[in-house]
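Examining the three-dimensional arrangement
Here is what each chain is made of, one letter per residue.
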Amino acid sequence: LLSVDRYLREASNPEHQRAVRILENIPAQYSVMASERPSAHLAHRPYLYVFLEMFPNAPLEEAAKHPDLLVVDKERVDSRHRQVIDDFLRVGYRLLFETKIIAIYERPGSAPLVPHELLKEWKGLNEAPGIPYRSIVWTWYQRVIVAGAVLFVILLGVSARRVG
């Protein structure tokens, strides 16, 4: 129940909702290396690599070293992720777009890979309001859990009286 609560809380957070909209708006033709949590929202593309999940000598190991975009979950960066990010920055990846939740880096090259129009669209998505019904669902979920806990305690008390 605690993990359901955590996911509902994240889904009801407007910052998370905005980040998901931006991730889902990244065109499928871009190859992406992502940390674990954002990768689910990027799965509609032929080339998606997840941080620290490549097998040595795998067929796409070399391609994973040069993805078009690098997507980082800023809330869950640990020292191993930081090392991967630093390795990409050393070879020229640059910060392209950032929210409170995610950072998107672009592969080095002579011309920008992501068109200005797409960046404007991401900016608009990042400024959009959250989806209010999700916070209502989370609130009702919490109330149901509390009511269930209270009912459990009452039934436990009634059961103990019958036995005693």
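Higher on the page you've got the structure.
Residues numbered from 1 in each chain as written. Predicted model: local features only at pLDDT ≥ 70, side-chain atom pairs only at ≥ 80, totals over all residues. Heavy atoms only, no water.

Before going further, it helps to spend a moment on the overall build of the protein. Scanning the protein for helices and strands turns up six helices and five strands. Along the chain direction, N to C, the helices and strands of the protein fall in the order α-α-β-α-β-β-α-β-β-α-α. Within the span of the protein, comprising 164 residues, buried residues form 32% of the whole. Within the protein, contacts between residues separated by at least 24 positions form 60% of all contacts whose residues are at least 6 apart in sequence. Carbon and sulfur atoms form 61% of the exposed surface of the protein, whose accessible area is close to 10,400 Å². (Helix = DSSP H or I, 4+ residues; strand = E, 2+ residues; numbered from the N terminus. Buried < 20%, exposed > 50% of the residue type's maximum accessible area, 1.4 Å probe, protein only. Contact = heavy atoms within 4.5 Å. Areas by Shrake-Rupley, 256 points an atom, 1.4 Å probe, with all protein chains shown as cover.)

Turning our eyes to something else, we now look at the sheet that holds strand E5 (residues 102-106). Strand order in the open sheet made by the five strands is E2-E1-E3-E5-E4, with mixed pairing throughout. Strands with a single pairing partner mark the edges of an open sheet, and in this sheet they are strand E2 (48-50) and strand E4 (94-98). Going from strand to strand, the sheet's axes swing by 25 degrees on average, the running direction of each strand aside. Where strand E1 (residues 32-34) meets E2, three bridges bridge the pair, whose relative direction is parallel. Each bridged residue has a counterpart across the sheet, and for Met33 the counterpart in E2 is Tyr49. Contacts from helix H2 (residues 14-24) reach strand E3 (69-73), E4 and E5 within the one sheet, and its direction differs from that of E5 by about 25 degrees. (Pairing = 2+ DSSP bridges. Axes fitted to C-alpha atoms, helices over the stretch in contact; angles between N-to-C directions.)

So, about the pattern of salt bridges. Evaluated as defined, the whole model comprises ten salt bridges. Glu106 is the salt-bridge partner of Arg94, the closest N and O atoms lying 2.6 Å from each other. With a gap of twelve residues between them, Arg94 in strand E4 and Glu106 in strand E5 connect regions that are remote in the sequence. Of the residues examined, Glu106 reaches a relative accessible area of 1% and is grouped as buried. Via salt bridges that share partners, Glu15, Arg18 and Lys100 belong to a single interconnected network. (Salt bridge = Lys/Arg side-chain N within 4 Å of Asp/Glu carboxyl O.)

Judged by how many residues are buried, E3 sits mostly within the fold: five of five residues are covered. Going residue by residue along E3, you find Leu69, Val71 and Asp73 tucked away on one face and Leu70 and Val72 tucked away on the opposite face as well. For E1 and E3, the ladder comprises three bridges, and the chain directions are parallel. Bridging across to E3, Met33 finds its partner in Leu70. In the sheet, E3 pairs with E5 via five bridges, with the strands oriented antiparallel. Note that in E5 the partner of Val71 across the bridge is Ile104.

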